[in-house]
Each structure stands twice: as structure tokens, then as C-alpha cells.
Amino acid sequence: MKGMATAAPPLATPEQIALYEPVIGLEVHVQLGTRTKIFCACPNEFGAAPNTNVCPVCLGLPGALPVLNQQAVELAMQASLALHCEVRGQSVFARKNYFYPDLPKGYQISQYDRPLAEHGWVEIELPDGAVKRIGVTRLHMEDDAGKSTHDGYRDSSQYSYVDLNRTGSPLAEIVSEPDMRSSDEAFLYLTELKLAMQFTGVSNCDMEKGNLRCDANVSVRKRGAEKFGTKVEIKNLNSFRFLKQAIDFEIARQVGVLEAGGAIAQETRLYNPDVDETFSMRSKEEAHDYRYFPEPDLVPLAVSGEWLARVKASMPELPAGRRKRFVSEHGLREYDAQVLTATRALADYYEVAAKASGDPRMAAHWVTGDLAALLKAAGKEVEECPVSPERLGELIALIAGGELTGKLAKEILPKMFETGEAARAIMEREGLKAMSDSGELEKIVEGIIAANPKQVEQYRAGKTSVIQFFVGQAMKATRGQANPAAVSEILRQKLV
Ligand SMILES: [Zn+2]
């Protein structure tokens, strides 16, 4: 049919795109952080030598029977609760039949018409400060497939290699309602979902290891229209950036087709980040018929009210709740609370440091300021921070107690970072200490007063803010070792 292919219409212009409303829903796969796989006792781990974490069950050998992993169910229940879903008293596993080389059983064990949980939501904060609720249709459990490698081997032009270590890893699939209206909203939804999974400890959501995978359903409709447009599924968006780029491209492509008088084909597409485009993978006609039926080797999963209550009671605090508490109890600014809940590890670190310091706001200042800068320069995550949160708290308490000035503390922290030592050990070894000895300070202050008669006159004339000038001079004269509170006190006495 050479010569029959018609070129795709050009991408829509921003003016054309503005006439349409995008409608976006996400399907997210989260790998549950269990010790073993979902239906067998093989380790659920990343990075082992190919095909070493396998057994007759996950290899799908005839006669091998699956046994449901209780830890996987509990993590999936926690994930459901974190997304405000209702957990069903009874859910059913089903076989989803399809053929693929990395699926040795010839079917995936999933949940179909009776999933583990339904009717949840995730709240996102829009740039204008408004809070928008995105519906979560359902959360169901399933086993993962293996991995095919099509390149990187000497004979890759002839063969593909299959690694079945991942086969049978437990997954939670989380399906949203088509509630998102821009790639930014999709980005925010996935961010909140990921945080909820990390804070509950359900999954580390490491996208590089494939622990969090995302498909997007995208359609467009004329603004004001009720009816949804034809949706296109974009598969395997394995980074936040690609998710956003793929959706933006797809919106421009679909509006371009419609504005050129064409129709959107219902199909599955893939995103190629190298050229920033999506391309067709298969059309609706080629879509799989999975012939779902209830899994005969597993009884329905029953979740008793007592079990659900126990899991509920074990739920840790979620990121949104923690953010609110950092503002209301710790007196932090909204922005700092947001920064400090970027990961659970960071929130935990801050909270221990805040408690040890006795001054949560000062602790927030140090964690997001000097400490963050040191971590960044060293290329380290907070989990690997050489300064324990207790020791950072001690350092801050030393400032509050007048034994250290802020300036001295700024010198000491990098040394703590380098050696892992306590602040006090470094202070003693290097003779660093806030100068509070009033005899010595008095002499310095008297010298400053004598040298600045003009400022003394201003102060006595009622301009008391000049005191900051004198404190600054004293700090300079002592190279930051003077305790500013002690200096102010002496100044007030001498200047009257
Ligand atoms: Zn196994």
C-alpha cells in the first residue's frame, strides 16, 4: 500500500489547544515491598543474578499451587487506606490470559470485577492554592511478569533474553477516575500517590528499579462539552518528566487531528523521549481479549472487620497530616512544611532534630538550609547523612543556650558532617565557644562605644534600633564568638 499513508496532521497551536479540555486518568502499578513474592517463598528483591529467584510456582510449572502472601495483602490494605479507599470484605483473584515470553504461566493472576478496594481519593494542591480531589476508582492486587531484554548482549540481534526473577512480585494497581485536566495535575497526583506509598512504607517507589510504573489515559473535548472524547492509552511512562511530556504531546497531537477534521483512533501508544513523541503500539482491533475468569487455585480473599481494624491502627501518619501538624504544632511556614515532607526519611530526620533542639523552627531552618546544602554538595541523601538528627538538635540547642553563636555553629556543622563527631567535641578541641565572659565582653563593648560617638548620640536621642549596629561591631571584633544576647545586655547598661 505504498503511497497510501497520509502524513499525520500538524500538532495543534497553543490557541487551538486552549479551545479544548484535556481529560486524564492514570493507572499506576506499585511494587509492594514484601520480603517474598506474592504466591511463593522466593525473595522479592532487585538485582540478583538472572533466573536465580525462581521456583515451580513462579515458573508456572504444572501442578505447582499458589499460596497468597499475607504481608502482601496487608501492604495492599495499607495502600488502600492511605488512598482513602473502602476495603472490601471479600475480593476475588482472576486469571488474565495472554501470551508473552516473560509470562511463563500464560496468564497473570489479578483481580477483575471484585478488587481489594474501591472509591478512594487523593488531594492535590493547585498552584493557586486550591485543593482538588482526584477520585481513585479501585486498587487491586496482581503478580508481576518477568523482564525481557532485547539488547546489550553480543547476540542481541538474534535473541532476546528473559529474566524471571521479577515474575510473581506483588503489585498493587491503582486506577484513578478521569479527573485530571492537565499534565501538571497528573504530575501532582502521581507525586502525592508516591508520597503516600513511601510514608506508609508500602513501597519505596523507586522508578529506576521499576517499583512505580504509570500508564496514562488521555482524551480531549471541546470546552463546555459534556461527552468525553475518544481516549488513548499511553503505556510505560517510567519517569515524572516523561509522564508530563507524553501527556502534553498527546494533547497537542489529538487537538491537531480534530482541528484538521480527523477523528481520534482508540489505541495504545508508547512515548519516545528521544524525539518527545508518542507513537501507535496497537489499535483497538488488536487489543487483547484477556478472557478473565476466577482463579480456581485460590479461595476468595476475606478481610475480616477485626483484621482491617488492626491494619488501620498500625497506619503511620500520612504526608498531608504531617504537613498540617508541622504548621500547627511546630509553627513552620507552609512552604517549609512542604519541603520537609518531600520524603518520609527527611520528615523523620527533621522531627527528631526538632525534638532534640527544643526549637522546631530553628531546626527547620538548619535542616532546609545549611544541612541541605552540605548533603547536596556531598551528593548524599538524608538517609546517609553523617550528622545524626540528635546531634544536629544538640548543635541548635547550644545556640539557644548561648554557648554557641549562629556564626560559630555554621563553622562547626561542616566539621560534624566530615567527622560525624558531636558539636561539643569539636568545640572543646578547637576552643570554639561563644564569649559570654562579661568582663572580657565589657571591655570590647566599651571600646566600640568610645569609637562611635555619633551612633551613641543617635541611640540616646531615642533611635534604639542603632543597638543592632553595636552588636554587629561586637560580633566583628570577636570574629563571631560573642554571644549576641550578652552583648545587647551590656550595651543597654552602658548606653543609658
Ligand atoms: Zn517462586
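Residues numbered from 1 in each chain as written. Predicted model: local features only at pLDDT ≥ 70, side-chain atom pairs only at ≥ 80, totals over all residues.

A. Structural detail: the overall build of the chain. Helices and strands together make up the secondary structure of the chain, namely 16 helices and 16 strands. Each principal axis of the C-alpha distribution contributes one length, and for the chain these read about 95 × 55 × 55 Å. The contacts in the chain between residues at least 6 apart in sequence include a share of 70% that link residues at least 24 apart. (Helix = DSSP H or I, 4+ residues; strand = E, 2+ residues; numbered from the N terminus. Contact = placed C-beta atoms within 7 Å.)

B. The domain arrangement of the chain, seen in detail. Structurally, the chain comprises domain 1 (14–302), domain 2 (317–430) and domain 3 (438–495). Look at where the C-alpha atoms of domain 2 and domain 3 centre, and you get two points 31 Å apart. In terms of residue class, the side of domain 2 that touches domain 3 is built from one nonpolar, two polar and one charged. (Domains from an automatic or database assignment. Nonpolar A, V, L, I, M, F, W, Y, C, P; charged D, E, K, R; others polar.)

C. Molecular detail of the environment of arginine 221. With respect to the helices and strands, the residue arginine 221 is situated in strand 11 (residues 212–222). The spacing of arginine 221 and tryptophan 366 is 145 residues in sequence and 48 Å in space, taken between C-alpha atoms. Not counting the four nearest positions on each side in its chain, arginine 221 is found in contact with Tyr20, Glu21, Val23, Lys227, Phe228 and Gly229.

D. Expanded view of the sheet that holds strand 6 (residues 117–125). Spatially, 2-6-7-10-1-11-12-13-14 is the arrangement adopted by the nine strands of the open sheet, whose pairing is mixed. Only two strands of the sheet have a single neighbouring strand rather than two, namely strand 2 (86–87) and strand 14 (277–283). Here strand 6 pairs with strand 7 (residues 131–143) via eight bridges, running antiparallel. Paired with alanine 117 across the strands is leucine 139, a residue of strand 7. In the packing of helix 2 (residues 70–82) onto the sheet, contacts are made with strand 1 (20–31), strand 2, strand 6, strand 7 and strand 10 (170–176), and the angle to strand 7 comes to roughly 165 degrees. (Pairing = 2+ DSSP bridges. Axes fitted to C-alpha atoms, helices over the stretch in contact; angles between N-to-C directions.)

E. Region of interest: helix 11 (residues 406–419). Over its 14 residues, helix 11 extends 20 Å from the first C-alpha to the last, a length consistent with the 20 Å expected when each residue adds 1.5 Å. Taken together, the buried positions of helix 11 are Leu408, Ala409, Ile412, Leu413, Met416 and Phe417. Buried residues belonging to helix 11 abut helix 9 (360–378), helix 10 (389–400) and helix 12 (423–430). (Expected span 1.5 Å × (residues − 1). Buried ≥ 20, exposed ≤ 12 C-beta atoms within 10 Å, placed from the backbone.)

F. Expanded view of helix 9. An ideal rise of 1.5 Å per residue puts 27 Å on 19 residues; helix 9 measures up with 25 Å between its terminal C-alpha atoms. When the local axis directions of helix 9 are compared, the greatest deviation, roughly 40 degrees, occurs at alanine 372. Considered for burial, the residues of helix 9 that qualify are Ala363, Ala364, Trp366, Val367 and Leu371. At the C-terminal side of helix 9, glycine 379 shows a positive phi close to 65 degrees. (Bend = angle between axes of the 7 residues up to and from the residue.)

G. The nonpolar core, seen in detail. Membership of the largest hydrophobic core comes to 67 residues, with the highest contact counts inside it found for Val30, Ala76, Ala79, Leu139, Tyr189 and Ala216. Per-element tally for this core: the top contributor is helix 3 (residues 183–200), with nine residues. Once residues lying within four places of it in the same chain are set aside, the contact partners of leucine 139 are Ala76, Ala79, Ser80, Leu83, Cys85, Pro115, Leu116, Ala117, Ala172 and Ile174. Ranked by size, the runner-up nonpolar core spans 32 residues in total, among them Tyr349, Cys385, Leu392 and Ala423. (Core = buried A, V, L, I, M, F, W, Y, C linked by C-beta atoms within 7 Å.)

H. Molecular detail of the sheet that holds strand 4 (residues 93–97). One open sheet accounts for three strands, arranged 5-4-15; its pairing is antiparallel. The sheet is open, and its two borders are formed by strand 5 (107–111) and strand 15 (293–294), each paired with just one other strand. With two bridges joining them, strand 4 and strand 15 adopt antiparallel strand pairing. Residue pairing in the sheet places alanine 94 in a bridge with proline 294 of strand 15.

I. Quick look at unusual backbone geometry. Unusually for a residue other than glycine, histidine 119 sits at a positive phi of about 60 degrees. Of note in this structure, asparagine 236 is not a glycine but carries a positive phi near 55 degrees. If you trace the backbone, asparagine 236 turns up in strand 12 (residues 232–237). The class for asparagine 236 is partly exposed, based on 14 C-beta atoms found within 10 Å.

J. Spatial organisation of the packing of helix 15 (residues 467–477) against helix 16 (residues 484–495). Where helix 15 meets helix 16, the axes come as close as 10 Å, and the angle between the chain directions of the two elements is 125 degrees. Taken together, the axes of helix 15 and helix 16 are oblique relative to one another. Our pair here, helix 15 against helix 16, has a crossing hand that is right-handed. Along the contact surface, helix 15 presents Ile467, Phe470, Val471, Ala474 and Met475, while helix 16 presents Pro484, Val487, Ser488 and Leu491. Classifying every residue of the contact of helix 15 with helix 16 gives eight nonpolar, one polar and no charged. (Parallel < 35°, antiparallel > 145°, perpendicular 65-115°, else oblique. Left-handed = near helix turned anticlockwise from the far one by under 90°.)

K. The arrangement of the packing of helix 2 against helix 3 in detail. Taken N-terminus to C-terminus, the directions of helix 2 and helix 3 make an angle of 130 degrees; their axes are 10 Å apart at the nearest point. Judged on the interaxial angle alone, helix 3 and helix 2 are oblique. Between helix 2 and helix 3 lies a crossing whose hand is right-handed. In this structure, helix 2 contributes Gln78, Ala79 and Ala82 to the contact, and helix 3 contributes Ala196, Met197 and Thr200. When grouped by side-chain class, the residues that make up the contact of helix 2 with helix 3 number four nonpolar, two polar and no charged.

L. Structural context of the environment of alanine 225. On the secondary structure map, alanine 225 appears in the loop between strand 11 and strand 12. Judged by local crowding, alanine 225 falls into the exposed class, with 11 C-beta atoms found within 10 Å.

M. View of the environment of glutamate 446. The topology assignment puts glutamate 446 in helix 13 (residues 438–451). Here glutamate 446 falls in the exposed class, since 12 other C-beta atoms lie within 10 Å of it. With 296 residues separating them in the primary sequence, glutamate 446 and histidine 150 have C-alpha atoms 79 Å apart.

N. Inspection of the pairing of strand 7 at higher detail. What sits between the antiparallel neighbours strand 6 and strand 7 is a turn of five residues, in which glycine 129 has the positive phi angle 90 degrees. Inspection of the sheet shows strand 7 paired to strand 10 by seven bridges, in the antiparallel sense. Bridge pairing in strand 10 links glutamate 142 to leucine 171.

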